[in-house]
Amino acid sequence: MRSNRIRTTVLAATTLLAALSLTACGGDDGTDAKKPAETVQEVSGSPTPETTTAPEKDATSPTDTEPASDSKPKAPATTPRTEAPAAKPKPKPKTPVTCTGANTKVTVTKVNRPINHLLLTVTNTGDRPCYAYHAPMLRFDGAQAVFRVLQDSKPQAVVTLDPGQSAYAGIGLTGEPTGQKPYPSKHLGVTFADRNDGPINSASTELTLPAGTYWDDNGFVTYWQSEMADALTY
């Protein structure tokens, strides 16, 4: 009887201890809900700086050694302007003078067409333009008078020769047959005319005629022409 009472007391004490133990470990609802451990930061005299993980560098992002490219387009490099040298003033045109034997070269040649014709050519050898006034004054060997000038050949304007240019005059050695015997000649004197159709005797030129040259009183010489063809038209 006594032993049963002692056993009952021991069982009751054991049951009580077990209940107390469950109460200490469980919640009010009897579940095993363990609270998560709280992280306790150590407090010191100064706050501990937070550790920040550096982001990974992008392969395309600029680095310390590679300067970032400017998104704005750069203006092209400009070449310094060089001023063109000042244009030299054009020289004033020289005043024309009269063509004479002193500033020209005169030649005489025989032509095939028309027959019995010679061609007189004058070239400006000076440094100024010159006026070939009227017609050349011709005189064959031993002739007393100047060769006749063909008035129908007068041009509309005076022929002007720039340096190096030429003018022409045609010489018809003979005219219509009249029974006159032609004269042989070896030399031809050429005198230029001034503006008033007067002779400039101070600068005459003497030329050697082609071999076998004959002329008569019906022959003629044309005015100075700008074109050779015009001089040989008559």
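Residues numbered from 1 in each chain as written. Predicted model: local features only at pLDDT ≥ 70, side-chain atom pairs only at ≥ 80, totals over all residues. Heavy atoms only, no water.

Draft legend 1. Quick peek at the pairing of strand S10 (residues 205–208). Alternating positions in S10 separate cleanly, Thr205 and Leu207 being buried on one face and Glu206 and Thr208 remaining unburied on the opposite face. Direction of pairing for strand S9 (residues 187–191) relative to S10: antiparallel, over a ladder of four bridges. Bridging across to S10, His187 finds its partner in Thr208. (Buried < 20%, exposed > 50% of the residue type's maximum accessible area, 1.4 Å probe, protein only. Helix = DSSP H or I, 4+ residues; strand = E, 2+ residues; numbered from the N terminus. Pairing = 2+ DSSP bridges.)

Draft legend 2. Spotlight on the pattern of salt bridges. The tally for this structure, following the rule as stated, stands at one salt bridge. Among the ionic pairs, Lys94 bridges to Asp127, the shortest N-O distance being 3.6 Å. Of the two residues, Lys94 sits in the loop between helix H1 (2–25) and strand S1 (97–98) while Asp127 sits in the loop between strand S3 (117–124) and strand S4 (130–132), which places them 33 residues apart along the sequence. Overall, Asp127 belongs to the exposed group, its relative accessible area being 54%. (Salt bridge = Lys/Arg side-chain N within 4 Å of Asp/Glu carboxyl O.)

Draft legend 3. Expanded view of the nonpolar core. Judged by nonpolar contacts, the single largest core of 26 residues is most densely connected at Leu120, Leu138, Phe140, Ile171 and Trp224. Where this core is concerned, the elements lending two or more residues are strand S2 (104–110), S3, S4, strand S5 (137–140), strand S6 (159–161), strand S7 (166–172) and S9. When near neighbours in sequence (up to four residues on either side) are disregarded, Phe140 contacts Phe147, Ile171, Leu173, Ser185, His187, Leu188, Leu209 and Trp215. With five residues, the next largest nonpolar core counts Val111, Leu119, Ala231 and Leu232 among its residues. (Core = buried A, V, L, I, M, F, W, Y, C linked by side-chain atoms within 4.5 Å. Contact = heavy atoms within 4.5 Å.)

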